[in-house]
Amino acid sequence: MDNRQAIGSWLSGPRAAAEDMGADFGHRGERLGLPEAGPGSIAPLGRRFGAVFVDWGLCLLIAYGLFANGDRQAVGNWALSIFLVLSVLTVGSVGFTPGKRIFGLRVVAEGGGRLGIVRVLLRSLLLCVAIPALIWDRDGRGLHDRLARAVQVRI
């Protein structure tokens, strides 16, 4: 192995290095019975970040315009509270937030269908803490989705 291959495996991560050695992980979502691409497949990371960005921006606008009274420090706290309510109400009722809808995503239960209110609440609370959302499994699901037994899929 030359140095370029060693550096490439280091930069691309352990999964790519294991795949180069012959390990077959399958596609994202295969263990969950989801298709590799198209509707119903695991939502790509870029779209999920885009959806959160849109939702957070919307919550900041609402907080600044309706609740913060010009207090910049209070805007963040209000926005987080609005984000929690927005997530619980929209994911619990229709399966997506405004940002997820714009990016063509939906949150479903692992076996398909809608999440129950307890799992939506757990998922939303963990998402507001942020750290669980930044820890992913090999299917690309955040810890908040794993604990709520939820999957973000393409519409």
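If you're wondering where the values come from, they're calculated on a predicted model, not measured in any experiment.

Asker: So what about the confidence of the model for the protein chain? Which residues, and what values?
Answerer: Per-residue pLDDT for the protein chain averages 88, and the proportion of residues at 70 or more is 86%. Mean pLDDT across the elements of the protein chain bottoms out in helix 1 (residues 3-12) (56) and peaks in helix 5 (residues 98-102) (98).

Asker: Report on the layout of surface pockets, specifying residues and quantitative values.
Answerer: Considering only enclosed or pocket space, the largest pocket measures out at about 360 Å³ in volume. Considering the residues around the largest pocket, the lining is formed by 21 residues, among which Phe49, Val52, Leu127, Ala133 and Leu134 are closest to the centre. Elements supplying a minimum of two residues to the lining of the largest pocket: helix 3 (45-67), helix 4 (72-93), helix 6 (117-129) and helix 7 (143-147). The element that contributes the greatest number of residues to the lining of the largest pocket is helix 3, accounting for 5 residues. Classifying every residue of the lining of the largest pocket gives 12 nonpolar, 4 polar and 5 charged.

Reading guide: rules and limits
Residues numbered from 1 in each chain as written. Predicted model: local features only at pLDDT ≥ 70, side-chain atom pairs only at ≥ 80, totals over all residues. Heavy atoms only, no water. pLDDT = per-residue confidence, 0-100. Helix = DSSP H or I, 4+ residues; strand = E, 2+ residues; numbered from the N terminus. 1 Å grid on protein atoms, 1.4 Å probe; cavity = no way out; pocket = protein on both sides within 12 Å on 5 of 7 lines; lining within 4 Å. Points joined across faces, edges and corners; volume = space filled by probe spheres on them. Nonpolar A, V, L, I, M, F, W, Y, C, P; charged D, E, K, R; others polar.

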